[in-house]
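The primary structure of each chain is shown beneath.
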Amino acid sequence: MLRFVIAAAVISGAVTFTAAEAAAEKVFRRANDLSYGGKESLDPISATRFYEVNDMVYSRLVRQDDNGEPAPELATAWTSNDTATEWTIALQSGVTFHDGSAFDAADVKYTLERIKDPALESPLASVLDFIERVDVVDPATAKIVLSKPHAGLPLLLMDYRVRMIPEGSGASIATTGIGTGPFKIESYDPEGQTVLVANEVYWEGSPKLDKVVFTAIPDSEARNQAMMAGQLNFNTLTLDQIPQFKDNPAFSVQNYPAGGWFGLVFRTDTAPYTDARIRKAMRIPVDRAEMMKLMVGEGNGVTGCDQPVKANDPFRAPLDCPPDPEGAKKLLAEAGYPEGIDIEVHTADLEPGMVRFAEVYQQQAAKVGIRVKLTLAPSDGYWDDVWMKVPAAITSWSARPADQILNEAYRTGSAWNESYYANSAYDQILDKARATLDFAGARALYQEAQRILFEEGGTFIPYQQNGLRVLTRDVQGIKPLDEDYIRWHLVDLIPK
Amino acid sequence: MLGLIVRRAASSLFTLILISVVVFAGLEFMPGDACTAHLGRDGKGAVLEACRARMGLDAPPVKRFTQWAGDILRGELGTSMQREKPITEIVGWRLRNTLVLSAVAALIGIPLAVLLGIIAGLRRDRLFDMAASGTALVAMTIPEFVSATLLILVFAVGLGWTAGVVTIGYKAPLLEMVSAAFLPAVVLSMVLAAHIMRMVRASVIDVLKSDFVLMARLKGVPQQQIIWRHVVPNSLLPVISVIGLTVAWLLGGVVIVESVFNYPGLGRLAVDAVGDRDLPLVQAIALLFGITYVVTNLMTDIAALLLNPRLRTYRA
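Residues numbered from 1 in each chain as written. Chains lettered and ligands numbered in written order. Predicted model: local features only at pLDDT ≥ 70, side-chain atom pairs only at ≥ 80, totals over all residues. Heavy atoms only, no water.

Details of the overall build of chain B
Counted only if it meets this: Only DSSP runs of H or I covering at least 4 residues are called helices, and only runs of E covering at least 2 are called strands; the numbering of each starts at the N terminus. When checking whether two residues touch, look at their non-hydrogen atoms; a contact exists if any pair is within 4.5 Å. Residue exposure ignores everything except the shown protein chains as possible cover, and the areas themselves are Shrake-Rupley values with a 1.4 Å probe. Charged residues are defined narrowly, with Lys and Arg counted positive, Asp and Glu counted negative, and His plus the chain ends left uncounted. A single reference atom marks each charge: NZ on Lys, CZ on Arg, CG on Asp, CD on Glu.
Across its full length, chain B carries 14 helices and 0 strands. Reading chain B from its N terminus to its C terminus gives the helix and strand order α-α-α-α-α-α-α-α-α-α-α-α-α-α. Taking the principal axes of the C-alpha coordinates as reference, chain B spans close to 85 × 60 × 35 Å. Taking all contacts inside chain B whose residues are at least 6 apart in sequence as the whole, residues at least 24 apart take part in 76%. Carbon and sulfur atoms make up 70% of the accessible area of chain B, which totals about 16,000 Å². Each charge sign in chain B was given a centre, from 28 positive and 20 negative side chains, and these centres are 11 Å apart.

Regarding the packing of aromatic side chains
The cut-off we apply is this: Two aromatic rings from Phe, Tyr or Trp, using only the six-membered ring of Trp, form a pair when their centres are within 6.5 Å; if the ring planes differ by under 30 degrees the pair is stacked, by over 60 it is edge-to-face, and anything between is tilted. Over a ring means this: the NZ of a Lys or the CZ of an Arg is within 6 Å of the ring centre and within 35 degrees of the ring normal.
This model, assessed by the stated rule, comprises 24 aromatic pairs over all chains. Ring geometry for B:Phe24 versus B:Phe65: centroids 5.1 Å apart, planes at 65°, classification edge-to-face. Placement of B:Phe24 in helix H1 (residues 2-28) and of B:Phe65 in helix H4 (residues 61-73) is noted, with a sequence separation of 41 residues between them. Members of the aromatic cluster, joined through ring pairs, are A:Phe262, A:Phe357, A:Tyr361, A:Phe460 and A:Tyr463. Taking NZ or CZ as reference, A:Arg267 lies 4.1 Å from the ring centre of A:Tyr420, over its face. Positioned above the aromatic ring of B:Tyr170 is the side chain of B:Arg94, whose terminal nitrogen or guanidinium carbon lies 4.1 Å from the ring centre.

Details of the domain arrangement of chain B
Many descriptions give the size of an interface as the accessible area lost when the pieces come together. Residue and element names in this part refer to chain B. Let me state the cut-off plainly: Domain ranges listed in this record stem from an automatic or a database domain assignment. Buried surface area refers to the total accessible area, computed with a probe of radius 1.4 Å, that the two partners give up upon joining, counted for both partners together. Just to be clear on terms, a salt bridge is a Lys or Arg side-chain nitrogen sitting within 4 Å of an Asp or Glu carboxyl oxygen. Between N or O atoms, a polar contact is any pair within 3.5 Å; within protein, one atom must be a potential hydrogen donor and the other a potential acceptor, and residues adjacent in sequence are included only when both atoms are from side chains.
For chain B, the domain assignment lists domain 1 (2-73) and domain 2 (90-308). Each side of the interface is counted separately: domain 1 has 20 residues, and domain 2 has 14 residues. Buried area between domain 1 and domain 2, both sides added, is near 1,600 Å², and the carbon and sulfur share of it is 82%. For the pair domain 1 and domain 2, the number of links is 1 salt bridge. For the salt bridge of Arg8 with Asp301, the shortest nitrogen-to-oxygen distance reads 3.5 Å. At the boundary of domain 1 and domain 2, one finds 1 residue pair in polar contact (both at pLDDT 80 or more). Elements supplying a minimum of two residues to the side of domain 1 that touches domain 2: H1, helix H2 (34-39) and H4. In terms of residue count, the dominant contributor to the side of domain 1 that touches domain 2 is H1 (12 residues).

Examining the packing of helix H5 (residues 87-122) of chain B against helix H9 (residues 182-208) of chain B
Residues and elements named next belong to chain B. Put simply, the test is: Interaxial angle, 0 to 180 degrees, is taken between N-to-C directions of lines fitted to C-alpha atoms, where a helix line uses only the stretch in contact. Orientation is classified from the angle alone, with under 35 degrees giving roughly parallel, over 145 giving roughly antiparallel, 65 to 115 giving roughly perpendicular, and any other angle giving oblique. Left-handed describes a crossing in which the near helix is turned anticlockwise from the far one by less than a right angle; the clockwise case is right-handed.
Interaxial distance between H5 and H9 falls to 6 Å at its minimum, and their mutual angle equals 30°. Of the possible angle classes, the one that applies to H5 and H9 is roughly parallel. Here H5 and H9 pass one another in a crossing that is right-handed.

Let's talk about the domain arrangement of chain A
All names here are of chain A. What the domain assignment reports for chain A is domain 1 (1-45 + 181-233 + 478-496), domain 2 (59-176) and domain 3 (257-466). The C-alpha-based centres of domain 1 and domain 2 are spaced at 30 Å. The largest contributions to the domain 1 side of the interface with domain 2 come from Ile45, Trp203 and Asp484, which together make up 39% of the buried area. Put simply, domain 1 and domain 2 have 4 salt bridges between them. Salt-bridge contacts for Arg114 lead to Asp43; the nearest nitrogen and oxygen are separated by 2.6 Å. Taken together, the connections running from domain 1 to domain 2 amount to 9 residue pairs in polar contact (both at pLDDT 80 or more).

Examining a nonpolar patch on the surface
Residues and elements named next belong to chain B. Threshold: Residues qualify for a patch when their relative accessible area is over 30% and they have no salt bridge, like charges being joined within 9 Å and the nonpolar side chains of Val, Leu, Ile, Met, Phe, Trp and Tyr within 5 Å. Burial classification: accessible surface area is computed with a 1.4 Å probe over protein chains only, and a residue below 20% of its type maximum counts as buried, one above 50% as exposed, and the rest as partly exposed.
A cluster of nonpolar side chains, namely Phe145, Val146, Leu150, Leu153, Val154, Val157, Leu159, Trp161 and Ile256, defines an oily patch on the protein surface of about 790 Å² accessible area. In terms of residue count, helix H7 (residues 144-158) provides more of the nonpolar patch than any other element does, 6 residues in total. Tracing the chain through its elements places Phe145 in helix H7. For Phe145, a relative accessible area of 45% translates into the label partly exposed.

Digging into the state of the cysteines
Residue and element names in this part refer to chain A. We count it as follows: Defined by distance alone, a disulfide is two cysteine sulfur atoms within 2.5 Å.
Counted by the stated rule, this structure contains 2 disulfides over all chains. Paired by a disulfide, Cys305 and Cys321 hold their sulfur atoms 2.1 Å apart. Of note, the bridge from Cys305 to Cys321 carries an S-S torsion of about -95° and is left-handed in sense. Separated by 16 residues along the polypeptide, Cys305 in the loop between strand E13 (301-303) and helix H11 (325-334) and Cys321 in the loop between E13 and H11 bring together distant segments of the chain. With respect to class, Cys305 is no different from Cys321; both count as buried.

Structure follows, in structure tokens:
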């Protein structure tokens with residue numbers, strides 16, 4: 001009996017001790033989903049970047065404000081010459097890297113020019129290929145020289161991968177993670193635990209949290225269990241996981257505009273889709289709100305009019321496209337199909353919802369006489385043997401900024417132009433937008449490009465899916481916005 | 001006796017060769033190859049060609065099989081496509097962790113099952129037997145992911161006695177791993193114990209009805225001595241082969257249990273490898289599971305031979 005009492009006392013003592021320790025030290029716990037299977041790299045431009053950690057340890061030159069527009073971070077101001085080919089960037093002074101060295105224009109030069117290194121095979125290289133070189137004007141000023149005009153440079157510098165690293169650190173950055181961000185790496189093990197500690201001299205003020213601990217948990221149900229058991233403070237969710245947390249007072253669920261989407265791609269170079277009227281007839285009869293409701297549920301997405309641009313992008317066009325079955329029938333009749341049309345759509349069970357998306361489209365299209373034959377292709381080799389090969393197939397994209405996606409997937413001849421869309425007027429609008437320094441003017445052009453895609457493009461995009469996350473109640477300072485909007489030095493844990 | 005063991009070992013070896021052929025052929029018949037599976041959308045043109053050249057996929061299948069099998073005999077399991085590391089390096093620690101988990105599960109499950117089985121068998125159809133057998137039936141029919149989730153909900157979320165999922169890395173020290181393995185091992189041992197308990201119970205009942213027990217009774221041997229000297233040792237002999245068979249189930253079970261508990265073992269690695277479409281790693285793990293199964297069965301066969309003289313005289 002005595003032994004039992006002693007054991008109980010020791011155990012309760014241990015519990016109180018850890019509780020007291022937790023109160024003294026604010027430890028924020030997250031999971032990393034190991035989506036790169038342990039190859040997660042601290043190099044921000046790596047194709048397998050450890051994105052959850054990189055957001056916390058590095059800074060960008062330019063970040064987005066809550067509306068998605070460029071705002072100063074390490075750059076305090078930016079101006080360009082009249083032709084948008086030379087950009088002068090003024091830098092924040094007094095900023096130091098985690099190793100104590102000062103941040104200056106030489107680091108900007110090194111970081112931006114390193115992206116082009118072909119040996120690194122960075123996915124960012126093609127996005128920023130128009131940066132010719134960076135000149136160091138003085139330690140607090142850098143000049144970015146472009147090979148062709150680009151008025152949207154500040155927007156591209158906002159990319160979550162364009163993060164500043166110390167000059168000459170390329171060989172070691174993948175494991176050291178030395179940046180200027182609010183947290184610094186204490187230990188790094190993407191398959192086990194990665195521990196970050198507060199950077200007390202962070203230039204925007206010392207972080208409120210003391211530590212951030214990442215645990216590798218690849219299984220999404222296991223992450224939920226960990227969340228339930230109080231082992232995590234922050235976790236992303238899938239749609240079917242909402243009910244587990246929604247009405248639980250210990251948690252809050254956030255739903256934020258993100259921008260991933262499924263689409264149905266009709267190859268514009270293949271009959272019958274060479275006819276723009278048929279392409280439009282395929283897209284306009286669908287009740288997009290209804291389709292989104294069936295796919296992700298009301299409020300878990302944002303409907304759109306075949307726009308690949310994410311919902312909260314400042315350049316997204318405010319289009320409206322209510323279901324128009326009569327218009328679709330009329331277009332089909334004009335194009336020579338008064339009795340309706342038989343088409344074949346390929347899909348695969350690659351991602352949850354990718355087959356259902358095709359099925360819902362099939363039902364919606366049936367009401368105007370578009371008879372869809374669904375073909376389920378094997379998941380293995382889908383991107384290789386089916387996508388961009390068959391006349392009509394389901395596609396899936398993650399969010400990209402307007403300029404990037406409109407060029408990457410629709411410009412004549414670009415590598416991922418999945419609908420083989422070729423329209424020189426469209427290409428010229430994009431060129432002109434890149435040369436337009438006035439923000440409102442550029443916005444008008446990007447919106448015009450989206451309008452063209454709705455009128456005659458080959459890709460049907462009914463909605464963009466929202467992101468979902470769950471937080472424990474004590475988490476403060478995280479707005480319902482995408483992860484790269486979060487200001488981590490302001491995040492706090494305040495027990496209730 | 002020795003001849004019998006040699007013959008068993010030879011047939012195990014044959015099974016292993018067959019397994020390696022099946023594992024290799026299974027992936028061979030899938031559409032695409034290791035490179036298209038892994039690269040997905042990027043698997044085009046020069047990137048795909050480079051990958052195929054690096055993995056040696058341009059050689060004919062028979063040549064690749066002999067190459068692969070030869071490497072395995074030298075202890076080389078190839079290179080993981082996703083992790084870009086030698087597979088032996090990746091698999092080593094996880095194999096240890098899975099063995100720790102299985103060992104803890106066996107240490108909890110087997111003594112419990114044997115004890116409960118003996119008592120239930122001796123008190124056949126009485127209240128204890130009905131309760132124990134009923135519980136065993138329930139434990140056998142609940143899928144592991146349900147019992148795992150329930151245990152986490154009760155002991156981690158509700159009572160707060162244990163941590164929910166495992167948060168230590170795969171290279172954690174052995175003692176930490178053992179304590180992390182406790183809750184997952186409980187889940188595994190539930191089904192394990194239920195199977196073995198039912199077997200022990202049936203076996204005890206059989207032996208109690210046998211002639212030599214009747215003889216002992218007639219000679220006036222005390223009841224305790226009959227049970228512990230005659231009934232229990234004889235009824236445990238068939239159980240040894242059941243333990244071997246349960247290993248097969250255990251290997252399937254660890255895949256689910258390790259995923260639910262985020263336990264860094266071979267089972268979770270198998271799921272990750274499939275998710276990453278890392279075919280060389282999937283192949284290696286499938287082979288390892290096969291080897292474990294065959295070796296365990298061989299060992300239980302030999303153990304049964306050593307412990308049961310009657311089997312030794314049986315020759316076809």
